[in-house]
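The residues making up each chain are set out below.
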Amino acid sequence: MNQLVNGEWRTDAYETTDESGAFERQTTTFRNWMVGSEIPAHVDAEPDERFDPEPGRYHLYVSYACPWAHRTLLARSILGLEDVIDVSVVDPWRGEDGWQFTPEKDGCTPDRVHDSDYLRELYVRADPDATCRVTVPVLYDTVEDTIVNNESREILRMLDTAFADLGNGRRLLPEDEAGIERVDEIITAIYEPINNGVYRAGFATSQSAYDEAIDELFDALDHWNEVLADRRFLAGDELTEADLCMFTTLIRFDHVYHTHFMCNVRAIHEYEHLWPYLRDLYQLPGVAETVDLDHIKEHYYTTHPDVTPSRIIARGPDLDFEAPHDRERLADDPTPVAPVEAE
């Protein structure tokens, strides 16, 4: 798999699975926190005084195809930060040279900060001796000329808290500490079996590793399907960061993960509550414009030759995300919050 090693681009730098055939995701490298960030209790970090939130200073590098980058695009849109943080969009196809900028392609842009050809150039600019994968999203400081952070969950929290006074006044966290902890618990609970679980299934190289991932994935989906039977959103009545993290997996599921990653026990549109929940999220203001199914399908079906060597892009399914969902009726439901862990 491709990555930077001491600032040099390598195409054979690491394996994506362990000896048992289970997928292993590498940790992200740049983990700075901005001034004004509400840092989760499970993170041992302090805000870096170099990074003050200012309009026009920070830049977001994303791919419409990537679910992790999609989280940050959703937050930027929902929180009204479009005029505060500009965006550069890479090509959905990722070859041996990694994420690239092809502004002539529909939906893509140039690197609007440094006019780079490849995203890896930004990583080397930030750290000439970088040894890491080159991933999106990237939150970049144009004043310090460096990467602030490339961990999606942490960028999401910074957009929601450090930039709170620069957007439209909306928040994606409850006001009370217990509510914030609850949101963090849910994000953690859905990460391994669902967000990362589809990758664990798709990139597994042994039957046992695949079976384990699939069992955990659909046990978790079944659990949250039941939770959503009497709750509009994952943490209660209000949209939170947890819903953004769930949405970016669910919106890709039937078009990509179900087929490409062999997650075909059930489709999301076959779930009684997850399917209307997904439509509910899609129809919220600021969400649909962040979804580009053409980029999503092109990326997955053409970028993983070990999974789909023919690089043929699957045609279906034909889903109506604009169909009515009737989930507003759950907004004032007093039902207690269900346990995080599936039974």
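Residues numbered from 1 in each chain as written. Predicted model: local features only at pLDDT ≥ 70, side-chain atom pairs only at ≥ 80, totals over all residues. Heavy atoms only, no water.

Draft legend 1. Fine view of the overall build of the protein. For the protein, the helix and strand inventory stands at nine helices and six strands. If you line up the protein on its principal axes, its C-alpha atoms span 50 × 50 × 35 Å. Each of the 343 residues in the protein was classed as buried or not, and the buried ones make up 57%. Considering only contacts within the protein whose residues lie at least 6 apart along the sequence, 70% involve residues at least 24 apart. As displayed, the protein offers around 15000 Å² of accessible surface, 44% of which is attributable to carbon and sulfur atoms. (Helix = DSSP H or I, 4+ residues; strand = E, 2+ residues; numbered from the N terminus. Buried < 20%, exposed > 50% of the residue type's maximum accessible area, 1.4 Å probe, protein only. Contact = heavy atoms within 4.5 Å. Areas by Shrake-Rupley, 256 points an atom, 1.4 Å probe, with all protein chains shown as cover.)

Draft legend 2. Representation of the pattern of salt bridges within the structure. All told, the structure shown has 20 salt bridges when counted by the stated rule. Between Arg 125 and Asp 145 there is a salt bridge; the shortest N-O distance is 2.9 Å. Linking Arg 125 in helix H2 (residues 120–126) with Asp 145 in the loop between strand E5 (138–141) and strand E6 (146–149), this pair joins segments that are 20 residues apart in sequence. Note on Arg 125: relative accessible area 44%, which makes it partly exposed. A relative accessible area of 25% means that Asp 145 is categorised as partly exposed. Among the charged side chains, a network of salt bridges with common partners joins Arg 153, Arg 157, Asp 184 and Glu 241. (Salt bridge = Lys/Arg side-chain N within 4 Å of Asp/Glu carboxyl O.)

Draft legend 3. The arrangement of the environment of Glu 238 in detail. Assignment of secondary structure puts Glu 238 in the loop between helix H6 (207–227) and helix H7 (241–260). Residue class for Glu 238 comes out exposed when judged on its relative accessible area of 59%. When the C-alpha positions of Glu 238 and Arg 171 are compared, they lie 9.7 Å apart, and in sequence the two are 67 residues distant. Non-local contacts of Glu 238, meaning those with residues more than four positions away in its chain, are made with Phe 233 and Asp 243.

Draft legend 4. How the structure looks around helix H8 (residues 274–282). Of all nine residues in H8, nine are buried; the element is thus mostly enclosed. The inward-facing, buried residues of H8 abut H6 and H7.

Draft legend 5. Up close: the domain arrangement of the protein. Parsing the protein into structural domains produces domain 1 (3–162) and domain 2 (177–290 + 316–330). Taking only C-alpha atoms, the centre of domain 1 and the centre of domain 2 are 23 Å apart. Each partner contributes residues to the interface: domain 1 has 24 residues there, and domain 2 has 29 residues. Taken together, both faces of the contact between domain 1 and domain 2 bury some 2300 Å²; the carbon and sulfur share is 56%. The interface formed by domain 1 and domain 2 contains three salt bridges. Here Asp 184 and Arg 157 are joined by a salt bridge, their closest N and O atoms 2.6 Å apart. Run the count over domain 1 and domain 2 and you get twelve residue pairs in polar contact (both at pLDDT 80 or more). No other element matches helix H1 (residues 67–78), which puts nine residues into the side of domain 1 that touches domain 2. Here the residues of the side of domain 1 that touches domain 2 are counted per class, giving 13 nonpolar, five polar and six charged. (Domains from an automatic or database assignment. Buried area = accessible area lost by both parts, 1.4 Å probe. Polar contact = N/O pair within 3.5 Å; in protein donor to acceptor, adjacent residues only side chain to side chain. Nonpolar A, V, L, I, M, F, W, Y, C, P; charged D, E, K, R; others polar.)

Draft legend 6. Focus on the UniProt feature "active site" (unreviewed entry) in the protein. Residues annotated in UniProt with the feature "active site" (unreviewed entry) correspond here to Cys 66 and Tyr 199. For this annotated set, covering 134 residues, all C-alpha atoms fall within 12.1 Å of each other, a compact arrangement in space. In this fold, Cys 66 is placed in the loop between strand E3 (58–62) and H1. Classification of Cys 66 by relative accessible area gives buried; the value is 7%. Discounting residues that sit within four places of it in the chain, Cys 66 has contacts with Val 136 and Arg 252. (UniProt positions renumbered as here; feature names shortened; annotations may be inferred.)

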